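# Structural overview
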Amino acid sequence: MSTTIHSAPPADLTPEQRQSVLRTLKSPRFLKTEVLAGLIVALALIPEAIAFSLIAGVDPRVGLFASFTMAVTTAILGGRPAMISAATAATALVVAPLVSSHGLDYFIAAVILAGVFQVLLGVLGVAKIMRFIPRSVMIGFVNALGILIFTSQLPDLIGVPWLVYPLTAVGLAIIYLLPRITTVVPAPLVSIVVVTAAALVFALNVPSVGDKGELPESLPTLFIPNVPLTFETFQIIAPFALGMALVGLLESLMTAKLVDDITDTRSNKVRESWGQGAANIISGFFGGMGGCAMVGQTMINVKASGARTRISTFLAGVFVLVLAVSLGEVVAMIPMAALVAVMIFVSIATFDWHSIRPSTLKMMPKSETSVMLVTVVATVATHNLAIGVGLGVVTAMIMFARRVAHFATVTRTVNGEGDQATARYTVDGELFFASSNDLYTQFEYAEDPDKIVVDLTGSHLWDASTIAALDSVEEKYHHYGKEVEIVGLNQASHDMRNRMSGRLGSGH
């Protein structure tokens, strides 16, 4: 990972102790870090929440209320301290077609049902699938996120007044240079304040947060979707809800794993899964569009600002509501250039630059590099993390199967002469569908003597493909009128063969 600001706790505290809410409340220094981090995240959340509302085709307040309810709820119920959940483009894109086809009420009903699905998936232990995501997919995920965070800023950098560019450059300079002088106040917050002040003092005509959409003037209230409670309604919203649930969970669990690595702590993935579901249910009933974990804002919170506890997440949600409702006019004046500078910094900090160094690429197996590239390309091309990670995992599985398949070896020896001759085949390695398909061709059926022994002491039978292959070997020798004996099976392989042998049909 890249060099980070405030990424490690003080030497006298372990990473787990730094996550303690009680310890943070007793420490003015830690509490200040959490409060300021929450404020910076909230400032970054507001324009994005408005933009995601526009993507979904709903009023800006729907996205802002979602960011408030998601952040506050996951701060209490979630399993990963300091992770930011709010309205996201990934989930908005999944359910957006419902708005144009059936209206806002069906859209909100789908968000609530997605939350229910996530709670069920969480309880069923879907978080355990994280064990099957290889490191190369994780690096590809991180690099793709860095690229997507950067490219998502391009609309605010293309076709804009030229003054946007020097303002963005000043913002980036402050973010990178200020920590060399002092770390008392987070550099991103100073950057936002200075760039905003410059735009106001010199009356610069540049795009601002207010240009993204109108901010709400009232607090969220209870919202009951006006949809018929029928099976037909379920059929309409269920596919969108399930898609949103899966995309949201995958993005949230991947982000949680990323924060685990950055902070050297562990999170409760099961709790995070059902916590995300509960947050979406609550968000829907308050008229919000739901969401999931946000990598960009989480990186602002954890990497750029040094936050480590649930306090920063909770306050980010509270600040979104307070700033949007009470100080909407002030927030609306913040130049987009100030927030773009923060997000460019986050994209650079998120990208794993070590993974693309020539020395690293030369050292890594080509299969691992291929998996990373597939994940990056698929994610960036589709703007869908679920598709990118899914293709990355499938590619990793194929690469692994190919490598392991070559580890199975067959050695032939012939002992004795004439009628006493015996051909002995020693098989070493793991036998499963990829390696056992070649097993059938490794025997000299016509040339072997009448007695054959297949020694599987150094092997393990993993699946039906292997049992079928061994059955085919036996049948082939019997066709030549020869006797074959299979020996050396371990208990698990022996039990599987007894259970399945002769009942699978010939595979050849």
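These numbers come from a predicted model, not from an experiment.

### Considering the environment of Ala492
Note that Ala492 resides in helix H21 (residues 491–500). Sequence separation between Ala492 and His460 is 32 residues, and the spatial gap between their C-alpha atoms is 8.2 Å.

### Observations regarding the packing of helix H7 (residues 135–151) against helix H17 (residues 366–382)
At a closest axis distance of 8 Å, the pairing of H7 and H17 adopts a crossing angle of 35 degrees. Handedness of the H7/H17 crossing: right-handed. Contact residues: H7 offers Ser136, Val137, Ile139, Gly140, Phe141, Asn143, Ala144, Ile147 and Leu148, while H17 offers Glu368, Val371, Met372, Thr375, Val376, Thr379 and Val380. Here the residues of the contact of H7 with H17 sort into 10 nonpolar, 5 polar and 1 charged.

### Description of the pairing of strand E4 (residues 422–431)
One ladder, built from 7 bridges, connects strand E3 (residues 409–415) with E4; its direction is antiparallel. Looking across to E4, one finds that Val410 is bridged to Val427. Where E3 hands over to E4, the hairpin turn is made up of 6 residues, of which Gly416 adopts a positive phi near 80 degrees. One ladder, built from 9 bridges, connects E4 with strand E5 (residues 451–461); its direction is parallel. Each residue of the ladder has a partner; that of Gly429, found in E5, is Ser459.

### Quick look at the confidence of the model for the chain
Here the chain averages 87 in pLDDT, while 96% of its residues score no lower than 70. Across residues 1–9 the pLDDT falls below 50, and counting only partners more than four positions away or on other chains, this stretch makes 29 contacts in the model.

### Some points on helix H8 (residues 164–181)
Spanning 18 residues, H8 covers 26 Å between terminal C-alpha atoms, matching the ideal 26 Å at 1.5 Å per step. Most pronounced at Ile175, the bend in H8 amounts to some 30 degrees, and the proline Pro179 follows within four residues. Check the buried side of H8 and you find it contacts helix H9 (187–201) and helix H15 (336–350).

### Things to note about the pattern of salt bridges
This structure, assessed with the given rule, holds 8 salt bridges. Between Asp448 and Arg412 there is a salt bridge, with the nearest N and O atoms lying 2.6 Å from each other. Here Asp448 is found in the loop between helix H19 (433–436) and E5, whereas its partner Arg412 is found in strand E3, with 36 residues between them in sequence. Residue classification places Asp448 among the buried positions, given a relative accessible area of 4%. Glu485 is paired through a salt bridge with Lys451; the nearest N and O atoms lie 3.8 Å apart. Placement of the pair is Glu485 in strand E6 (residues 483–487) and Lys451 in strand E5, with a sequence separation of 34 residues. One continuous salt-bridge network, built from bridges that share partners, spans Arg80, Asp260 and Lys269.

### Comments concerning the nonpolar core
Formed by 98 residues in total, the largest nonpolar core has its most connected members in Ile46, Phe107, Phe141 and Met289. What Phe107 contacts, discounting residues up to four positions off in sequence, is Ala56, Val58, Val62, Val95, Ala96, Leu98, Val99 and Met289. In terms of nonpolar packing, the next biggest core, distinct from the first, is built from 20 residues, Tyr425, Leu431, Met496 and Met500 among them.

### Considering the packing of aromatic side chains
Centre-to-centre distance and the angle between the planes together describe a pair of aromatic rings. Within the structure shown, the criterion is met by 9 aromatic pairs. When the ring of Tyr440 is compared with that of Tyr445, the centres are 5.6 Å apart and the planes differ by 40 degrees; the resulting orientation is tilted. You can call Tyr445 buried: its relative accessible area is 9%. Ring plane angle 90 degrees and centroid distance 6.2 Å describe the contact between Phe443 and Tyr477, whose orientation is recorded as edge-to-face. Remark: Tyr477 occurs in helix H20 (residues 464–479) and Phe443 occurs in the loop between H19 and E5; sequence separation between them is 34 residues. Note on accessibility: Phe443 and Tyr477 belong to one class, buried.

Conventions used here
Residues numbered from 1 in each chain as written. Predicted model: local features only at pLDDT ≥ 70, side-chain atom pairs only at ≥ 80, totals over all residues. Heavy atoms only, no water. Helix = DSSP H or I, 4+ residues; strand = E, 2+ residues; numbered from the N terminus. Axes fitted to C-alpha atoms, helices over the stretch in contact; angles between N-to-C directions. Left-handed = near helix turned anticlockwise from the far one by under 90°. Contact = heavy atoms within 4.5 Å. Nonpolar A, V, L, I, M, F, W, Y, C, P; charged D, E, K, R; others polar. Pairing = 2+ DSSP bridges. pLDDT = per-residue confidence, 0-100. Expected span 1.5 Å × (residues − 1). Bend = angle between axes of the 7 residues up to and from the residue. Salt bridge = Lys/Arg side-chain N within 4 Å of Asp/Glu carboxyl O. Buried < 20%, exposed > 50% of the residue type's maximum accessible area, 1.4 Å probe, protein only. Core = buried A, V, L, I, M, F, W, Y, C linked by side-chain atoms within 4.5 Å. Phe/Tyr/Trp six-rings, centres within 6.5 Å; stacked < 30°, edge-to-face > 60°.

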